[in-house]
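Residues per chain are reported as follows:
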Amino acid sequence: MENNVDLTPKQIVEKLDQYIIGQEKAKRAVAIALRNRTRRLKLSEGIRDEVAPKNILMIGPTGCGKTEIARRLAKLCNAPFLKVEATKYTEVGYVGRDVESMVRDLMAVGYKNVKAEMEEELREKSVSVVEEKLLDLLLPGSGKNEKKSDSDFVDTVSQTAGEGDVIILGDGLSPEKSSLDSTDMSSTREKFRQMLKDGKLEDREVEINVSRAQGIPSMEIIAGGSLDDLQSSMQNLAGMLSGARHKRRTVSVREARKILTEETLDSMVDNDKVCDEAKKRVENSGIVFIDEIDKIAVHGESHGQDVSREGVQRDILPIVEGSNVSTKYGVVNTTHILFIAAGAFSVAAPSDLIPELQGRFPLRVELESLSKDDFKRILQEPKNSLVMQYSELLKTEGVSLDITPDAIERMSVIAEEVNSKSENIGARRLHTIMEKVLDEINFTADEHSGETIKIDADYVNRQLGDIVQSQDLSRYIL
């Protein structure tokens, strides 16, 4: 997959418009930040290292598109992207994750992406290798460098051949007495090769040695991790010490092909090359989205758990500022990683963050609350719009939805009204409204196969009338 490095800021905004409605200021800010990264890579060596990314702080209510903008931006430029919540980190000495683990996680994402790309490039070359391995499983002893007794080979062939397959094993002699030379074995192997290509052996079962996943136990668990991490690491360690790296499995040829393809590609890929390329991408193109950063802001004087919150800010500071973090893939420098922080800041204010951290997020973008018109566009315009999603889901049951413009208008009005009277959860409100409107259809879809169901404003009112009139809206639409 190639990076869209030549996109101008206008083109970046146009691409984001396909998925995100409104929020033009935020889109412009991230588009310029992305373009500046491309410009930086074209600079001379002398000045390139001096140009640091301009980190962005997004301020706006939940559900207004903060996370989606960052996620779509990363997909757009094929950059290593990681979304984290600031609340799950603690300063050193408290139980919780160390802030440096966000860089280790980002490097793991980068490594996985690069390895997947390299494997895709080698996939065509691996086909013939996997085919030979499958034939070895189907016809043990038929390989060029393998020797096996004639009787064993005959038994294997007679068990493996499907019904109706005629395999000539000699000059009119019985299989037990026939003598197979290398030419016979080769021709039988070629016959099976053709059957394999024609898909006639896909459901045949074979025994295969499967490598156990040999993960390197992460020492991060010492700094505070989940019990699942601890258990997984101990199991990996026990497996490595006992030498139990393979296990026998009986699988279909179809499944065996997948397993052998993964193992073959894994052996063909140069891990050192993957590490070097991943490190380069993470350091120059990596994006870390830190959500809920307002939850670690301290309002007023520090006391109790607020001390830990301020400690998290102090620990995040050197990561954002630029430091070297040790990972199992090598040492990663964070100087040129783009950090995008976001928060609702409904209780605390951006000024409640420690001054040093504020200075590391020079770009402030305020996202606006969504209006009725925004909701109307969100329901219809994006590539993955909710109307399209529900229509496609019900098509699988043979039901066609005809959602009229007045129904969309009515749902948009209700979404705005409910958000204003109860908690403002932004576009996520549309999910709850759509689910409630289509509740009956979703439940009885199998009884309406082949029908077209019309959803108009009256239908929406019938489904949501009682809820909208209720004073305690939060009891019904959460």
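Residues numbered from 1 in each chain as written. Predicted model: local features only at pLDDT ≥ 70, side-chain atom pairs only at ≥ 80, totals over all residues. Heavy atoms only, no water.

### A closer look at the overall build of the chain
- Within the chain one finds 18 helices and 11 strands.
- Taking all 478 residues of the chain together, the buried fraction comes to 44%.
- Put simply, of all contacts in the chain between residues at least 6 apart along the chain, 77% involve residues at least 24 apart.
- Working note: accessible area of the chain is about 26,300 Å², and carbon and sulfur atoms make up 48% of it. (Helix = DSSP H or I, 4+ residues; strand = E, 2+ residues; numbered from the N terminus. Buried < 20%, exposed > 50% of the residue type's maximum accessible area, 1.4 Å probe, protein only. Contact = heavy atoms within 4.5 Å. Areas by Shrake-Rupley, 256 points an atom, 1.4 Å probe, with all protein chains shown as cover.)

### Thoughts on helix 16 (residues 428–437)
- Every buried residue of helix 16 is listed here: Arg429, Leu430, Ile433, Met434 and Val437. Here the buried residues of helix 16 occupy an arc of 130° about the axis, which is enough to place them on one side. (Arc of directions from axis to C-beta.)

### Some words on unusual backbone geometry
- For glutamate 292, which is not glycine, the phi torsion reads 55° and is therefore positive.
- In this structure, glutamate 292 sits in the loop between strand 5 (287–291) and helix 11 (306–321).
- You can call glutamate 292 partly exposed: its relative accessible area is 27%.
- Of note in this structure, phenylalanine 345 is not a glycine but carries a positive phi near 50°.
- Along the chain, the position of phenylalanine 345 falls in the loop between strand 8 (338–343) and helix 12 (355–359).
- Overall, phenylalanine 345 belongs to the buried group, its relative accessible area being 10%.

### Remarks on the packing of aromatic side chains
- Applying the stated criterion to the full structure yields one aromatic pair.
- Between arginine 72 and the ring centre of tyrosine 19, over which it is positioned, the NZ or CZ distance is 3.9 Å. (Phe/Tyr/Trp six-rings, centres within 6.5 Å; stacked < 30°, edge-to-face > 60°. Lys NZ or Arg CZ within 6 Å of the ring centre and 35° of its normal.)

### Considerations on the pairing of strand 10 (residues 400–403)
- Judged by which residues are buried, strand 10 turns out to be one-sided: Leu401 and Ile403 face inward and are buried, whereas Ser400 and Asp402, on the alternate face, are not.
- In terms of strand pairing, strand 10 meets strand 11 (residues 452–455) through four bridges, oriented parallel. Looking across to strand 11, one finds that serine 400 is bridged to threonine 452. (Pairing = 2+ DSSP bridges.)

### So, helix 9 (residues 253–268)
- Its 16 residues place the ends of helix 9 22 Å apart at the C-alpha level, agreeing with the 22 Å of an ideal helix rising 1.5 Å per residue.
- The complete set of buried residues in helix 9 reads Val253, Ala256, Ile259, Leu260, Thr261, Thr264 and Leu265. (Expected span 1.5 Å × (residues − 1).)

### Re the packing of helix 15 (residues 405–421) against helix 16
- The geometry of helix 15 relative to helix 16 is characterised by a closest axis approach of 10 Å and an angle of 125° between their N-to-C directions. With respect to their mutual orientation, helix 15 and helix 16 come out oblique. Here helix 15 runs over helix 16; the crossing is right-handed. Here helix 15 contributes Met411, Ile414, Ala415, Val418 and Asn419 to the contact with helix 16, which in turn contributes Arg429, Leu430, Ile433, Met434 and Val437.
- By residue class, the composition of the contact of helix 15 with helix 16 is eight nonpolar, one polar and one charged. (Axes fitted to C-alpha atoms, helices over the stretch in contact; angles between N-to-C directions. Parallel < 35°, antiparallel > 145°, perpendicular 65-115°, else oblique. Left-handed = near helix turned anticlockwise from the far one by under 90°. Nonpolar A, V, L, I, M, F, W, Y, C, P; charged D, E, K, R; others polar.)

### Some words on the nonpolar core
- Residues Met102, Val288, Ile290, Ile293, Ile316, Phe339 and Leu357 are the most contacted members of the largest nonpolar core, which totals 43 residues.
- Of all elements in the fold, only strand 1 (56–59), strand 2 (81–85), helix 5 (101–138), helix 10 (271–285), strand 5, helix 11 and strand 8 reach the threshold of two or more residues within this core.
- Ranked by the residues each element gives to this core, the list is headed by helix 5, at eight residues.
- Here valine 288 is in contact with Leu82, Val84, Met102, Leu106, Ile337, Leu338, Phe339 and Ile340, once residues within four sequence places are set aside.
- Within the second largest apolar cluster, 31 residues are counted, among which are Leu370, Leu394, Ala427 and Val437. (Core = buried A, V, L, I, M, F, W, Y, C linked by side-chain atoms within 4.5 Å.)

### With respect to the environment of aspartate 17
- Tracing the backbone shows aspartate 17 in helix 1 (residues 9–17).
- On the accessibility criterion, aspartate 17 (31% relative accessible area) is partly exposed.
- Leave out the neighbours within four places in its chain, and aspartate 17 touches Glu24 and Lys27.

### A short note on the confidence of the model for the chain
- With 76% of its residues at a pLDDT of 70 or more, the chain has an overall mean of 79.
- Across residues 145–180 the pLDDT falls below 50, and counting only partners more than four positions away or on other chains, this stretch makes 45 contacts in the model.
- Low confidence marks residues 214–228, where pLDDT is under 50. Its contacts with residues over four positions away, or in another chain, come to 19 contacts. (pLDDT = per-residue confidence, 0-100.)

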